[in-house]
Amino acid sequence: MENDILIQTKDLVKIYPMGSQDLVALEKVNLTFKKGEFAALVGPSGSGKTTLLNIIGSLDTPTRGSAIVMGLEVEKLSHKKSAELRNKHIGFIFQTFNLLPVYTVYENVEFPLLLSDVPASERKQRVMQALEWVKLADRHRSKPNQLSGGQSQRVAVARAIVKMPSIVLADEPTANLDAENSHNVMQIMEGLNKELGMTFIFSTHDEKVVQYMRRIISLDDGRVAKDEFVKSVKKRV
Ligand SMILES: Nc1ncnc2c1ncn2[C@@H]1O[C@H](COP(=O)(O)OP(=O)(O)O)[C@@H](O)[C@H]1O
Ligand SMILES: [Mg+2]
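Calculation notes
- Residues numbered from 1 in each chain as written.
- Chains lettered and ligands numbered in written order.
- Predicted model: local features only at pLDDT ≥ 70, side-chain atom pairs only at ≥ 80, totals over all residues.
- Heavy atoms only, no water.
- Near = heavy atom within 4 Å.
- Polar contact = N/O pair within 3.5 Å; in protein donor to acceptor, adjacent residues only side chain to side chain.
- Areas by Shrake-Rupley, 256 points an atom, 1.4 Å probe, with all protein chains shown as cover.
- Phe/Tyr/Trp six-rings, centres within 6.5 Å; stacked < 30°, edge-to-face > 60°.
- Helix = DSSP H or I, 4+ residues; strand = E, 2+ residues; numbered from the N terminus.
- Pairing = 2+ DSSP bridges.
- Salt bridge = Lys/Arg side-chain N within 4 Å of Asp/Glu carboxyl O.
- Buried < 20%, exposed > 50% of the residue type's maximum accessible area, 1.4 Å probe, protein only.
- Core = buried A, V, L, I, M, F, W, Y, C linked by side-chain atoms within 4.5 Å.
- Contact = heavy atoms within 4.5 Å.
- Axes fitted to C-alpha atoms, helices over the stretch in contact; angles between N-to-C directions.

1. Remarks on the site of ligand 1
Inference 1: Taken together, Y16, M18, L23, A25, P44, S45, G46, S47, G48, K49, T50 and T51 are the residues near ligand 1.
Inference 2: Residue Y16 places a side-chain N or O atom 3.4 Å away from a nitrogen atom belonging to ligand 1.
Inference 3: Residue T50 places a side-chain N or O atom 2.8 Å away from an oxygen atom belonging to ligand 1.
Inference 4: Summarising the interface, the protein chains cover 63% of the accessible area of ligand 1, which totals 560 Å² for the free molecule.

Here it is in structure tokens:
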């Protein structure tokens, strides 16, 4: 169904000018993502995963082609409109967590709500609800340096979902986590996908992440080499 489509890229090209030789990071990428997907971009380092996520997240614009996100062509948006799109509809998770060190866990998760007009009375409830999703409500007064890597990434997940975005983009979210914490954080995101219907798009080359996916898109030198929907549930190791 047309209105189930959250993201569509059309002949997306990204070129970084590099002196005399241009670097082609994305070469005519055509992809469609529907509501509720749990999908990963996989491929070796330099294959274009981060570039594609950043364009979908309207943090970057394509050189040619189009990315339509929530019905908006990101390359045509003003700074204000693209900030609005991110603010309303997109949550980001990064491999380095990117928590603000001087703020508490609570304040880190509250931060996106301060950028929109959520009344103070409602903020507390939403922050604590998000922290409950990631099982860290009891650590809301801690500072990031008092947390393990796994806990830090769970705070980052809470921050990404506190506004109940339609789309969550996670760029190598387990790259700095051990196996146990990787599974832990993937299971939390899988739960958010299944129970709240949030759409997740990952970039990864971690087999532990891939085994949770229902769709695996392989990038090779900026091109979509493969796009597979997983039918059977794979055994988790
Ligand atoms: N800001 C930039 N300036 C120049 N080249 C870049 C920039 N960002 C990425 N690239 C290049 O674009 C290609 C794709 O990079 P990237 O999307 O980061 O790949 P991946 O996330 O799969 O490792 C790489 O060759 C990378 O060096
Ligand atoms: Mg990357």
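2. Regarding the packing of aromatic side chains
Inference 1: Under the defined criterion, the tally for this structure stands at four aromatic pairs.
Inference 2: Taken together, a centroid distance of 5.6 Å and an interplanar angle of 70° make the contact between F38 and F200 edge-to-face. A residue pair is termed long-range when its members are at least 10 positions apart, and F38 in strand β3 (residues 38-42) and F200 in strand β8 (residues 199-204) qualify at 162 residues.
Inference 3: Each ring, one from F200 and one from F202, has its centre 5.8 Å from the other, and the planes form 15°; the classification is stacked.

3. Topic: the sheet that holds strand β2 (residues 23-34)
Inference 1: Taken in spatial order, the four strands line up as β2-β1-β4-β5 in an open sheet, and their pairing is antiparallel. This sheet does not close on itself; its edge strands, each paired only once, are β2 and β5 (72-73).
Inference 2: Two elements, strand β1 (residues 5-16) and β2, share eight bridges in a ladder whose sense is antiparallel. Counterpart to L12 in the pairing with β2 is V29.

4. A closer look at the pattern of salt bridges
Inference 1: Counted according to the given criterion, the structure contains nine salt bridges.
Inference 2: Between D60 and K14 there is a salt bridge, with the nearest N and O atoms lying 3.1 Å from each other. Placement of the pair is D60 in the loop between α1 (49-56) and β4 (64-69) and K14 in strand β1, with a sequence separation of 46 residues.
Inference 3: Judged by relative accessible area, D60 falls into the partly exposed class, the value being 23%.
Inference 4: For the salt bridge of K81 with E84, the shortest nitrogen-to-oxygen distance reads 3.9 Å. In this pair, K81 and E84 are both assigned in helix α2 (residues 79-89), three residues apart and thus about one turn of the helix distant.
Inference 5: When its relative accessible area of 44% is taken as the criterion, K81 is described as partly exposed.
Inference 6: Through salt bridges that share partners, E37, R215 and D227 make up one connected network.

5. Digging into the nonpolar core
Inference 1: Counting 42 residues, the largest nonpolar core has L131, M189, F202 and M213 as the members making the most contacts within it.
Inference 2: At the level of secondary structure, the elements contributing two or more residues to this core comprise β3, α3 (105-114), α4 (120-133), α5 (149-161), β7 (167-171), α6 (179-196), β8 and α7 (207-210).
Inference 3: Per-element tally for this core: the top contributor is α5, with six residues.
Inference 4: Each residue touching M189, except ones within four places of it in the same chain, is listed here: F38, I93, V157, P173, F200 and F202.
Inference 5: Counting residues in hydrophobic clusters, the runner-up holds 24 residues, among them V29, L85, I90 and L219.

6. Topic: the sheet that holds strand β10 (residues 223-229)
Inference 1: Across the sheet, which stays open at both edges, the six strands sit in the order β6-β7-β8-β3-β9-β10 with mixed pairing between neighbours. The open sheet has two edge strands with one neighbour each: β6 (90-94) and β10. Across the sheet, the mean angle from the axis of one strand to that of its neighbour is 15°, orientation sign disregarded.
Inference 2: Pairing analysis gives five bridges linking β3 to β8, with the strands arranged parallel. Residue pairing across strands places V42 opposite T204, the latter belonging to β8.

7. Considerations on the environment of E75
Inference 1: With respect to the secondary-structure elements, E75 resides in the loop between β5 and α2.
Inference 2: Given a relative accessible area of 24%, E75 falls into the partly exposed group.
Inference 3: Expressed as a C-alpha distance, the spacing of E75 and R64, which sit eleven residues apart in the sequence, is 9.0 Å.
Inference 4: At a separation of 2.7 Å, a polar atom in the side chain of E75 contacts the side chain of S66.
Inference 5: There is a polar contact of 3.2 Å between the side chain of E75 and the backbone nitrogen of A67.

Don't take any of this as a statement about function, it's just geometry.
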